[in-house]
Amino acid sequence: MADDDGVADEGTETAALREALAAEHAAVWGYGSVGAALPAEGRPPAVAAENAHRDVRDRLAALLDGRDADPVPAEGGYTLPFPVLSATDAAALAVVLEEGVAAAWVRVLDQAARAAVRELAVGVLAAAEVRAVGWRTAAGETPPTTAFPGLPAG
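Residues numbered from 1 in each chain as written. Predicted model: local features only at pLDDT ≥ 70, side-chain atom pairs only at ≥ 80, totals over all residues. Heavy atoms only, no water.

## Some thoughts on unusual backbone geometry
Part 1 of the reasoning: With an omega of -10 degrees, the peptide bond running from T142 to P143 counts as cis.
Part 2 of the reasoning: Mapped onto the elements, P143 comes out in the segment after α4 (115-139).
Part 3 of the reasoning: Not every positive phi belongs to a glycine, and D68 is a case in point at roughly 60 degrees.
Part 4 of the reasoning: The residue D68 is located in the loop between α2 (44-66) and α3 (87-111) in this model.
Part 5 of the reasoning: For D68, a relative accessible area of 75% corresponds to the exposed category. (Helix = DSSP H or I, 4+ residues; strand = E, 2+ residues; numbered from the N terminus. Buried < 20%, exposed > 50% of the residue type's maximum accessible area, 1.4 Å probe, protein only.)

In structure tokens form, the structure reads like this:
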């Protein structure tokens, strides 16, 4: 929890890291649906994104385990926000996944007590936005970029 001055400590940082791990689990699962809706030649970006999220997920689980904080387990399944019936739907789902991960990592940045955790969060947040730009373009969304990745629009 935050101390009396509202400053993040290891407890609040760990809670935020657990939320980021939950978002990474969801992204790994969701990219299975993304890839399934893409033609074979369109799958490499989905595979690369899924692998990137697996790597971050595994790194987070190890970090939390090293703190004796139980890593959040993956759920057996996740509810998709809409049917994924085409390549455009798949790209739109990938945008939702990346934006969800970005929001979780913004929270980590807000609650980070250690410089190493802030550096990790910035790197993961930047990578999520780069992937999201590609997926927004594929989904025909404009603009393809966001001014403040991970923060609510408006």
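## Quick word on the packing of helix α1 (residues 10-36) against α3
Helices that pack against each other are described as a pair by the angle of their axes relative to one another and the distance between those axes.
Part 1 of the reasoning: The contact between α1 and α3 brings their axes to 8 Å, and the two run at 170 degrees. Considering the angle they form, α1 stands roughly antiparallel to α3. (Axes fitted to C-alpha atoms, helices over the stretch in contact; angles between N-to-C directions. Parallel < 35°, antiparallel > 145°, perpendicular 65-115°, else oblique.)

So far we have only geometry, and geometry alone does not tell us how the molecule works.
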